Amino acid sequence: MMTAETQGGRFPRLLQAAIDAFSLPDLRAKILFTLALLALYRFASHIPLPGIDQDQLDVLFDSNQLLGFLDLFSGGALSRMSIVALGVFPYITASIVMQLLTPVIPALQEISREGESGRAKMNRFVHWLTVPIALAQGYGQLVLLQQSNVVAFVGFSGDALLPTLAALISIVAGTLFLVWLGELITEKGIGNGISLIIFAGIVAGFPGLLAAGFLDRDNFLGIGFFAIIGVLIIA
């Protein structure tokens, strides 16, 4: 059983390990590369989709707690309806669909047994499947936003055609951009890139949620509880 003394000694060792990591040139370069791409992701999360009424969007999120909770996982990209509002979740959905289809489709089973080349093919299928999933999810979000007067027109005819196409292309491009960043992190950085992008979004959303949920209400007990949860998630 881990004692309090043992637990207290772990944090200095973790800090020393982080310092030692930066003393190794190769590892330092990978860490800085990962941080740079995560910073690029956070920059993209502030680029809004064309045709968004931000005032109406703020009203929508203020009146819907569920949307505010979902926004936590996007690091604020959803409440700004940015080009990366869907995050990497269409890619994750595509991955799950392919995993479910592989045991029941003989052709996919054969490909999955081809070793490295088979994994490359399966990964390519996942990328292709990500596009229609992102289109469907993006269109669903646009329809919901239209019902809340956040966007003026959604449809594939008349004056709504070009704004709808522009928004959908931006949404799909944003998702594929994040998938590309995640794969670059996995290949040349530290850790699993897709997981780190999700993690970065959650961590980025914590300060705003803390201010809105607890600081504005002088709920100091809630602040302490929230800080403990934040530390546990980061750990």
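Since this is a predicted model, take the numbers as computed values, not measurements. (Residues numbered from 1 in each chain as written. Predicted model: local features only at pLDDT ≥ 70, side-chain atom pairs only at ≥ 80, totals over all residues. Heavy atoms only, no water.)

Some words on the overall build of the protein
Stated formally: Elements are defined by DSSP. Helices are runs of H or I of four residues or more, strands are runs of E of two residues or more, and each kind is numbered from the N terminus. Burial status follows relative accessibility: with a 1.4 Å probe on protein chains alone, a residue under 20% of its type maximum counts as buried, one over 50% as exposed, and anything between as partly exposed. Contact criterion: two residues are considered in contact whenever any of their non-hydrogen atoms come within 4.5 Å of each other. For every accessible area listed, the method is Shrake-Rupley and the probe measures 1.4 Å; residues are considered covered only by the protein chains on display.
Scanning the protein from N- to C-terminus turns up ten helices and zero strands. Taken from the N to the C terminus, the helices and strands of the protein come in the order α-α-α-α-α-α-α-α-α-α. Looking at the protein as a whole, 34% of its 235 residues are labelled buried. Within the protein, residue pairs in contact and separated by at least 24 positions form 67% of the contacts whose partners lie at least 6 positions apart. Element-wise, carbon and sulfur atoms account for 68% of the exposed surface of the protein, whose accessible area totals about 14000 Å².

Concerning the environment of V203
Its location among the elements puts V203 in helix α9 (residues 193-213). The spacing of V203 and G75 is 128 residues in sequence and 7.1 Å in space, taken between C-alpha atoms.

Section: the side chain of T164
Position of T164 relative to the elements: it lies in helix α8 (residues 161-188). According to the relative accessible area criterion, T164 is buried, its value standing at 1%. Those residues in contact with T164 that sit more than four places away from it in its chain are Y139, L142, F153, V154, G155 and F156.

Examining the nonpolar core
Here is the rule: Only buried residues count toward a nonpolar core, which is a set of Ala, Val, Leu, Ile, Met, Phe, Trp, Tyr and Cys residues joined through side-chain atoms within 4.5 Å.
I52, L57, M81 and L145 are the most contacted members of the largest nonpolar core, which has 43 residues in total. Mapped onto this core, the elements with two or more residues apiece are α2 (25-44), α3 (54-63), α5 (89-101), α6 (106-112), α7 (116-147), α8 and α9. Take this core: its biggest share by element is nine residues, from α8. What I52 contacts, discounting residues up to four positions off in sequence, is L57, M81, L145, V150 and V151.

Notes on a nonpolar patch on the surface
Spelled out, the test is: Grouping into patches uses exposed residues only, defined as over 30% relative accessible area, and leaves out salt-bridged ones; the cut-off is 9 Å for like charges and 5 Å for nonpolar side chains (Val, Leu, Ile, Met, Phe, Trp, Tyr). Basic side-chain nitrogens of Lys or Arg form a salt bridge, by our definition, when they fall within 4 Å of a carboxyl oxygen of Asp or Glu.
Where nonpolar side chains cluster on the molecular surface, the patch consists of F156, L162, L165 and I169 and spans about 430 Å² of accessible area. Here L165 lies in helix α8.

What to know about the packing of α7 against α8
Our working definition: Under this scheme, a helix contributes an axis fitted over its contacting stretch, all axes are lines through C-alpha atoms, and angles between N-to-C directions fall in the 0 to 180 degree range. Under this scheme an angle from 65 to 115 degrees is roughly perpendicular, one under 35 degrees roughly parallel, and one over 145 degrees roughly antiparallel; angles in between are oblique. The sense of a crossing depends on the near helix, which, turned anticlockwise from the far helix by less than a right angle, makes the crossing left-handed and, turned clockwise, makes it right-handed.
The N-to-C vectors of α7 and α8 enclose an angle of 140°; their axes lie 9 Å apart at closest approach. Judged by the inter-axis angle, α7 sits oblique to α8. In the packing of α7 onto α8, the handedness of the crossing is right-handed. Residue-level inspection shows N123, H127, T130, V131, A134, L135, G138, Y139 and L142 of α7 in contact with α8, the latter providing T164, A167, L168, I171, V172, T175, L176, V179 and E183.

Some points on α7
The test is simple: An expected span of 1.5 Å times one less than the residue number is assigned to each helix.
With 32 residues, α7 should cover 46 Å at 1.5 Å per step; its first-to-last C-alpha distance of 47 Å lies within 8% of that length. Among all positions of α7, only G118, M122, V126, T130, I133, A134, G138, L142 and L145 are buried. Tucked inside the fold, the buried residues of α7 contact α3, α5, α6 and α8. The positive-phi residue at the C-terminal boundary of α7 is N149, with phi of around 65°.

A look at the confidence of the model for the protein
What counts is decided by this rule: On a range of 0 to 100, pLDDT expresses the predictor's confidence in each residue.
In this model, the protein carries a mean pLDDT of 80, and residues with pLDDT of at least 70 account for 76%. Counting contacts from residues 4-8, a segment whose pLDDT is below 50, to residues more than four positions away or on other chains yields two contacts.

With respect to the packing of aromatic side chains
Selection criterion: Pairing of aromatic rings covers Phe, Tyr and the six-membered ring of Trp, with a centre-to-centre limit of 6.5 Å; geometry is then stacked below 30 degrees between planes, edge-to-face above 60, and tilted otherwise.
Using the criterion set out here, one finds three aromatic pairs in the structure. Ring geometry for Y139 versus F156: centroids 5.4 Å apart, planes at 20°, classification stacked. Taken as a pair, Y139 in helix α7 and F156 in the loop between α7 and α8 lie far apart in primary sequence, 17 residues in all. For F156, a relative accessible area of 49% gives the class partly exposed. Both rings, one in F177 and one in W180, keep their centres 6.1 Å apart while their planes meet at 40°; by these two values the pair is tilted. Here the residue F177 and the residue W180 both occupy positions in helix α8, the gap between them amounting to three residues, near one helical turn. Of the residues examined, W180 reaches a relative accessible area of 46% and is grouped as partly exposed.

Some details on a negative patch on the surface
Applied cut-off: Only four residue types enter the tally: Lys and Arg on the positive side, Asp and Glu on the negative side, with His and both chain ends excluded. Where a charge sits is defined by one atom per residue type, namely NZ (Lys), CZ (Arg), CG (Asp) or CD (Glu).
Residues D53, D55, D58 and D62 make up a contiguous surface patch of negative charge. Assessed through its relative accessible area of 33%, D53 is described here as partly exposed.

A short note on unusual backbone geometry
Even without glycine at this site, M81 takes up a positive phi of about 45°. Within the secondary structure layout, M81 lies in the loop between α4 (65-74) and α5. Under the relative-accessibility criterion, M81 is labelled buried at 2%.

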